[in-house]
Amino acid sequence: MKLTMVVSQGCSEDTAYLCRYIRDCFGKDIDTKELTTMNLIKLTDYFKSIVSNNTALHYCSRIKAALGKFSDVAPIPGNIAKLTLKQEDSIHTFLTKDELRKLEALIPDTHGSDLMYLLYFLVSAYTGCRTSDALRMNTARAKNGKLIFVCQKTKRKAETVVNDKVISWIDTLQRIAPEYTYAKIDYNHAIKELCQRAGIDEIVATYRGGKEKVTPKWVVVSPHTARRSFATNLYLFGLDIFSISKMMAHSSTEMTARYICCGLKEIDDSVMNYFAD
């Protein structure tokens, strides 16, 4: 039985990206009987070469779960433990206003589920809402330049500024989203590919486990980058952290501070006097 068939029928989420990556790894639709130790290692190494470690871990887990469901017709390989990775802390980054504009420029030539994911990301980046809130957002929540909603995760009221452009994106999502199946893992891959397409390729240094890694920025972008971009850009534009916290429906400014992922912003001359000779 083909591995891609097992995955597509054994997983509840959309598996288009995962099946494509399996084919790309082996150059064909590999059969489950061909899942040797070397091929399992090859697959995990391939996942790690194109996506983050945690996403690769999620892919491996989905494959193992799918194989479990079809164990009667596609016996689970005895070496399936090779399809295992350790979870790592996520990497924090944000997109600047100019980089968000580059993503906006893709809208006219983006279609299908990719357009849906692109608009979810932009709505989150400009309103600060979580993906779970973006999924149920509608234009009725926008009045007089404000967007007011109750955060699904914290059950706290959020109130943020919204313009006609963002309202038009929400309206588009209301129309097209029901046509597609939302899957977090596919959202993650779609936004990376969209950022690469937009030319968001500044070389950035990221730090994990005390080690530095240099990579194009699009590689480390994830759906959560949208909210980090919202908080960080407003901070850099001078908005106080208390107001940002209220907009994001956080319970404390300490939580909001975790979303601000930039270095020191421009320091006032009066403060710079402290460092003068």
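Before reading on, note that the structure itself is shown above.
Conventions adopted
- For every chain, the first residue of the written sequence is number 1, and numbering continues from 1 along that sequence.
- Confidence filtering applies because this is a predicted model: local features only for residues at pLDDT of at least 70, side-chain atom pairs given and counted only at 80 or more, and all residues used for totals across whole chains, interfaces and linings.
- Hydrogens and water are ignored here; the side-chain numbers use all heavy atoms of the structure.
- Categorising residues by exposure relies on relative accessible area from a 1.4 Å probe, with only protein chains included: less than 20% of the type maximum marks a residue as buried, more than 50% marks it as exposed, and the intermediate range marks it as partly exposed.
- By definition, any uninterrupted DSSP run of H or I lasting at least four residues is a helix, any uninterrupted run of E lasting at least two residues is a strand, and each is numbered from the N terminus.
- A pair of strands is treated as paired once DSSP finds two or more bridges between them.
- Throughout this description, the term nonpolar core refers to a set of buried Ala, Val, Leu, Ile, Met, Phe, Trp, Tyr and Cys residues connected via side-chain atoms within 4.5 Å.
- Here, residues are in contact when the closest pair of their heavy atoms is within 4.5 Å.
- Aromatic rings from Phe, Tyr and Trp, taking only the six-membered ring of Trp, are treated as a pair when their centres fall within 6.5 Å; an angle between ring planes under 30 degrees marks them as stacked, one over 60 as edge-to-face, and anything in between as tilted.
- For a Lys NZ or an Arg CZ to count as sitting over a ring, it must be within 6 Å of the ring centre and within 35 degrees of the ring normal.

Draft legend 1. Structural view of the pairing of strand E3 (residues 157-161). Burial along E3 is one-sided: Ala158 and Thr160 are buried, while Lys157, Glu159 and Val161, pointing the other way, are not. In terms of strand pairing, strand E2 (residues 146-150) meets E3 through five bridges, oriented antiparallel. Within the sheet, the bridge partner assigned to isoleucine 148 lies in E3 and is glutamate 159.

Draft legend 2. Structural detail: the nonpolar core. Within the largest apolar cluster, 68 residues are counted, with the highest numbers of intra-cluster contacts made by Leu3, Ile22, Leu43, Phe47, Ile63, Leu103 and Phe121. If sequence neighbours within four positions are ignored, leucine 3 has contacts with Ile22, Ile30, Asp31, Thr32, Leu35, Leu43, Ile63 and Leu67. One finds Phe230, Ala231, Ile244 and Tyr259 within the second-largest nonpolar core, a separate group that totals seven residues.

Draft legend 3. Structural context of the environment of asparagine 138. Summarising the element assignment, asparagine 138 is placed in the loop between helix H7 (131-134) and strand E1 (142-143). The exposure class of asparagine 138 is partly exposed, given its relative accessible area of 22%. In this structure the C-alpha to C-alpha distance between asparagine 138 and tryptophan 169, which are 31 residues apart in sequence, comes to 9.8 Å. If near-sequence neighbours (up to four positions away) are discounted, asparagine 138 is found in contact with Ile170 and Gln174.

Draft legend 4. The arrangement of the packing of aromatic side chains in detail. One pass over the full model with this rule turns up eight aromatic pairs. Centre to centre, the rings of tyrosine 126 and tryptophan 169 are 5.9 Å apart; their planes meet at 45 degrees, and the pair counts as tilted. Residue tyrosine 126 is found in helix H6 (residues 112-127), and its partner tryptophan 169 is found in helix H8 (residues 164-176); the two are separated by 43 residues along the sequence. One aromatic cluster in this structure is built from Tyr117, Tyr120, Tyr182 and Tyr187. A cation over a ring is seen here: lysine 165 above tyrosine 126, with NZ or CZ 5.2 Å from the ring centre.

Draft legend 5. Region of the structure containing the pairing of E2. Residue alternation in E2 divides its side chains into a buried set, Leu147 and Phe149, and an unburied set, Lys146, Ile148 and Val150. As defined by bridge partners, E1 adjoins E2 across two bridges and the pair is classed as antiparallel. Within the sheet, the bridge partner assigned to lysine 143 lies in E2 and is lysine 146. From the end of E1 to the start of E2, which pair antiparallel, there are two residues, and asparagine 144 there has a positive phi angle of about 55 degrees. Between the antiparallel neighbours E2 and E3 lie six residues, among them lysine 155 with a positive phi of about 60 degrees.

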